[in-house]
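# Overview (structure and organization)
Spelled out from the first residue to the last, the chains are:
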Amino acid sequence: MIAIGCDHAGIDLKPAVIEVLEELGLPYRDFGTFDHTSVDYPVYGELAARSVANGECELGILMCGTGVGIGIAANKVHGVRCVMCTDCYSALMSREHNNANMLAMGARVVGSELAKMLVRTFLTTSFNGERHARRVGQIMTLDEGGTLQG
Ligand code: RB5
């Protein structure tokens, strides 16, 4: 299951995201928003992020005007590693090296065709593990309030 969430500024990318999910045959849960009425992006970022953190959804896709705000909000949820991407190399490496579990995009930044490439790349790339697992583990130590400083 893939989580999707957006605010009023990100909603214009939602059809492109759903098109890729359907193309890949991946079921999804849409946490809203569902129209252009102005809303607060942290609310929808949290809803989708909690579904990833609790295991209901394996990965998530978020959209706001820039991808920045909703991504920051998602990253405040314990267990979430959300990456804001505007290029496919970063989307690819965020999965291979960082085991990112959420992708955030800005509808005022990327067009629908680039958004589709970003989503397709993110959802079809696996974590490489090995040395990267140690580093992601260190990130999760920080996420849990720990320190890496001895
Ligand atoms: C909404 O106007 C806008 O601030 C929001 O979508 C997002 O871009 C924030 O980071």
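Summary of the structure given here. (Residues numbered from 1 in each chain as written. Predicted model: local features only at pLDDT ≥ 70, side-chain atom pairs only at ≥ 80, totals over all residues. Heavy atoms only, no water.)

Once that is clear, we can look at the environment of phenylalanine 31. Looking at the secondary structure, you find phenylalanine 31 in the loop between strand 2 (28-30) and helix 2 (41-53). Assessed through its relative accessible area of 11%, phenylalanine 31 is described here as buried. Residues within four places of phenylalanine 31 in sequence aside, it is in contact with Ala3, Ile4, Tyr44, Leu47, Ala48, Ser51, Glu56 and Cys57. (Helix = DSSP H or I, 4+ residues; strand = E, 2+ residues; numbered from the N terminus. Buried < 20%, exposed > 50% of the residue type's maximum accessible area, 1.4 Å probe, protein only. Contact = heavy atoms within 4.5 Å.)

On to the packing of helix 1 (residues 14-23) against helix 5 (residues 112-123), then. Remark: helix 1 packs on helix 5, axes separated minimally by 9 Å, with the N-to-C direction vectors making an angle of 40°. With respect to each other, helix 1 and helix 5 are oriented oblique. Considering only the axes of helix 1 and helix 5, their crossing is right-handed. Note on element contacts: helix 5 touches helix 1 through Ser112, Lys116, Val119, Arg120 and Leu123, opposite Ala16, Val17, Glu19, Val20, Leu21 and Glu23. Residue classes in the contact of helix 1 with helix 5 are distributed as six nonpolar, one polar and four charged. (Axes fitted to C-alpha atoms, helices over the stretch in contact; angles between N-to-C directions. Parallel < 35°, antiparallel > 145°, perpendicular 65-115°, else oblique. Left-handed = near helix turned anticlockwise from the far one by under 90°. Nonpolar A, V, L, I, M, F, W, Y, C, P; charged D, E, K, R; others polar.)

Note that every value here comes from positions in space, so none of it alone points to a role or purpose.
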